[in-house]
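Examination of the molecular architecture
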Amino acid sequence: MKDTRLLAVWCPDWPVIAACTATGTAPHVPVAVVDGNEIVSTSAVARAEGIRKAMRKRAAEAMCPELITFEHDPQRDARFFEPVAEAVEELAPGIEVVLPGLVAVPAQGPVGYFGSEEQAAERIVDHVATRTGTEAQVGMADSLFAATKAAHRNVIVPPDRTPEFLRPLGVHELDAPELVDLLRRLGLKTLGAFAEVPENAVASRFGGPATRQHRLARGLPERPLDKRRPAPELAVTETFDEPVERIDAAAFAAKILSERLHENLAARSLACTRLGIHARTENDEELHRVWRAAEPLTPRGIADRVRWQLDGWLTRERLTSGIRTLTLEPVEVVNGTALQLGLWGHDDERAVRALLHVQGLLGPDGVLTGVIDGGRGPQEQVRLVPWGDERTPARNPDHPWPGRLTRAPATLADDPAELKDEAGGEVGVTGRLELTAQPKKLTVKGRTREITAWAGPWPVDERWWAPDPHRAARIQVQTNDQAFLLIRRNKKWFLEGVYD
């Protein structure tokens, strides 16, 4: 058996289970958890009524008037998951919490102790049910991503068979909605089809984030095994004058200590991907938990996980006293230069706090920042990422992309357009990439302008790897007061940008 094999323990519908546990809601009624107005988790009873994830709350309630809904609360999910994590750790020491409802642990320990992978899985499932009354499923594979998908199906993937297990799964299994949509439009509908695309082609055509997803589809770890070993002095510790016993005090302590840890890491151009949280109570009880993250943790990400863990510890009945000492230790770090929160050439603490607060209200996508990327068209050359996340280009901006625009428009758009000749006929592009007539009139959003000059067309060969590759062509047109960038695809013109 490989040392890299992982065992994942997954509790289905955990947000629903946590909400029902917190409120005493009976399990036989239809229940859904909503984030804003969107369904993010459903019970089996709700699914039997036709309720699905991503449905709008109003539509779900119209379909099932008896539906009970709860607001999404990650802190509640983590608090009620702590007993489950403890139950797993009693049989498999060294677990890491991936997210509330999912833990992972190297399979070598429990498998060696219980004699086989099947026996280890059976014992863990039975133990979790006996200790917490929670239904759990176990999966094993050669990567965390594959082990998680195996746990969703309650199967054990044989050693060295992980790529074969992943091959028929749909690309929707990847946690990357925009990439999934693109892959489907390219005809790559399964993880196996995506995995067959050469890695260098994925990196050059789709960018860095897609490369990580490509590794997952191939059954490889989410990052290459070249992590740096964290220096001991990176850990931060706080000893409290008064033991922390209340959740609000825990949240404040989590925020302050998380900022200190981030400053230590940022000073060395590092970011944390596995976070160790250690606590000692006033009665010398030792508490320890490791949280694993797919992406480098931002300061808010660190604070959230610390707050969730403290909430879980402080609400346990067997904790006999408050927390006296809290230590945060980066168990695994990666290069994190792009995560430093520089703003306008310097770190403005008030601006940082304000933007974190806005993200807390609106979500990570509520504050976006632009990153100059590689690519051909203007839409590809600027990518918006959540503020505080990695800002390195997904593609090399200096790469000599064939057909790349040397001057991108100031304002981007994607609106239908009409390009007419002097007689009012439509201007097209021939198979030899020539205009069928001289353009004279441009119509966008109902407004028609006289064209005084134009240049192009320039070919763009895209989707060369798909079964149905196609070509596009760009043209620049000048009117009396403005210049426009147009693109012709699928025999239609679209406005792609406006020049100042």
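Quick notes on the rules
Residues numbered from 1 in each chain as written. Predicted model: local features only at pLDDT ≥ 70, side-chain atom pairs only at ≥ 80, totals over all residues. Heavy atoms only, no water. Phe/Tyr/Trp six-rings, centres within 6.5 Å; stacked < 30°, edge-to-face > 60°. Helix = DSSP H or I, 4+ residues; strand = E, 2+ residues; numbered from the N terminus. Buried < 20%, exposed > 50% of the residue type's maximum accessible area, 1.4 Å probe, protein only. Pairing = 2+ DSSP bridges. Axes fitted to C-alpha atoms, helices over the stretch in contact; angles between N-to-C directions. Parallel < 35°, antiparallel > 145°, perpendicular 65-115°, else oblique. Left-handed = near helix turned anticlockwise from the far one by under 90°. Contact = heavy atoms within 4.5 Å. Salt bridge = Lys/Arg side-chain N within 4 Å of Asp/Glu carboxyl O. Arc of directions from axis to C-beta. Core = buried A, V, L, I, M, F, W, Y, C linked by side-chain atoms within 4.5 Å. Domains from an automatic or database assignment. Nonpolar A, V, L, I, M, F, W, Y, C, P; charged D, E, K, R; others polar.

1. Observations concerning the packing of aromatic side chains
- Scanning the model with the defined rule gives three aromatic pairs in all.
- Ring centres of Trp14 and Phe81 lie 5.3 Å apart, and the angle between their planes is 75°; on these two criteria the pair is classed as edge-to-face. Residue Trp14 is located in helix H1 (residues 14-23), and its partner Phe81 is located in helix H4 (residues 74-91); the two are separated by 67 residues in the primary sequence.
- Overall, Trp14 belongs to the buried group, its relative accessible area being 4%.
- Aromatic pair Trp291 and Trp308: ring centres 5.9 Å apart, planes at 55°, arrangement tilted. Pair noted here: Trp291 is in strand E10 (residues 286-292) and Trp308 is in helix H14 (residues 299-314), with a separation of 17 residues, a long-range link.

2. A closer look at the sheet that holds strand E4 (residues 68-71)
- A sheet is described by the order of its strands in space; here three strands give the open sequence E3-E2-E4, paired in mixed fashion. Every other strand in the sheet has two partners, leaving strand E3 (38-42) and E4 as the edge strands with one partner each. The mean inter-strand angle of the sheet, taken between neighbouring strand axes irrespective of direction, is 40°.
- Taken together, the four bridges between strand E2 (residues 31-35) and E3 define a ladder with antiparallel strand orientation. For Ala32, the partnering residue across the bridge sits in E3 and is Thr42.

3. Overview of helix H7 (residues 144-153)
- Burial analysis of H7 places eight of its 10 residues in the buried class, which makes it a mostly covered element.
- Here H7 has its buried residues at Leu144, Phe145, Ala146, Ala147, Thr148, Lys149, Ala150 and Ala151.
- Phi turns positive one or two residues past the end of H7, at Asn154, with a value near 60°.

4. A closer look at the packing of H4 against H14
- For the pair H4 and H14, the least separation of the axes is 8 Å and the interaxial angle reads 45°. Between H4 and H14, the angle is such that the two are oblique. Seen from above, H4 lies across H14 with right-handed handedness. Contacts between H4 and H14 involve Pro74, Gln75, Ala78, Arg79 and Glu82 from the first element and Arg307, Trp308, Gln309, Asp311, Gly312 and Trp313 from the second.

5. As for the pattern of salt bridges
- Under the criterion given, the structure shown has 28 salt bridges.
- Across the pair Glu173 and Arg153 runs a salt bridge, and its minimum N-O distance is 2.6 Å. With Glu173 in the loop between helix H8 (162-166) and helix H9 (177-185) and Arg153 in helix H7, this pair connects stretches of sequence that are 20 residues apart.
- Judged by relative accessible area, Arg153 falls into the partly exposed class, the value being 33%.
- Between Glu496 and Arg474 there is a salt bridge, and its shortest N-O distance comes to 2.7 Å.

6. With respect to H9
- Listing the buried residues of H9 in full gives Leu179, Val180 and Leu183. Along H9, the residues classed as buried sweep out an arc of 100° about the axis, all on the same side. For H9, exposure combined with an orientation more than 90 degrees from the buried face picks out Pro177, Glu178 and Arg185.
- Packing partners of the buried residues in H9 comprise helix H10 (191-195) and helix H12 (208-217).

7. Re the nonpolar core
- In terms of nonpolar packing, the biggest core is built from 57 residues, with Ile124, Leu275, Val306 and Leu328 touching the most fellow members.
- The residue makeup of this core includes at least three contributed by each of domain 1 (2-153) and domain 3 (232-340).

8. Describing the environment of Thr130
- Looking at where Thr130 falls in the secondary structure, it is placed in helix H6 (residues 117-132).
- Note: C-alpha distance between Thr130 and Ala87 (43 residues apart in sequence) is 9.2 Å.

9. Thoughts on unusual backbone geometry
- With an omega of 5°, the peptide bond between Gly456 and Pro457 qualifies as cis.
- Positive phi, normally seen in glycine, also occurs at Lys491, with a value near 65°.
- One can find Lys491 in the loop between strand E19 (483-489) and strand E20 (492-499).
- On the accessibility criterion, Lys491 (72% relative accessible area) is exposed.

10. Quick look at the pairing of strand E9 (residues 270-281)
- Counting buried residues in E9 gives 10 out of 12 residues, a clear majority hidden from the surface.
- The pairing of E9 with strand E11 (residues 323-335) spans 11 bridges and is antiparallel. Residue pairing in the sheet places Arg280 in a bridge with Thr325 of E11.
- Two successive antiparallel strands, E9 and E10, enclose a turn made up of four residues, where Asp284 displays a positive phi of approximately 65°.

11. Notes on the packing of helix H13 (residues 247-267) against H14
- In the contact formed by H13 and H14, the axes pass within 8 Å of each other and the chain directions differ by 145°. Classified by chirality, the crossing of H14 by H13 is right-handed. In contact with Ile247, Ala250, Ala251, Ala254, Lys255, Ser258, Leu261 and His262 of H13, H14 contributes Pro299, Ile302, Ala303, Val306, Arg307, Leu310, Asp311 and Leu314.
- Broken down by class, the residue content of the contact of H13 with H14 amounts to 11 nonpolar, two polar and three charged.

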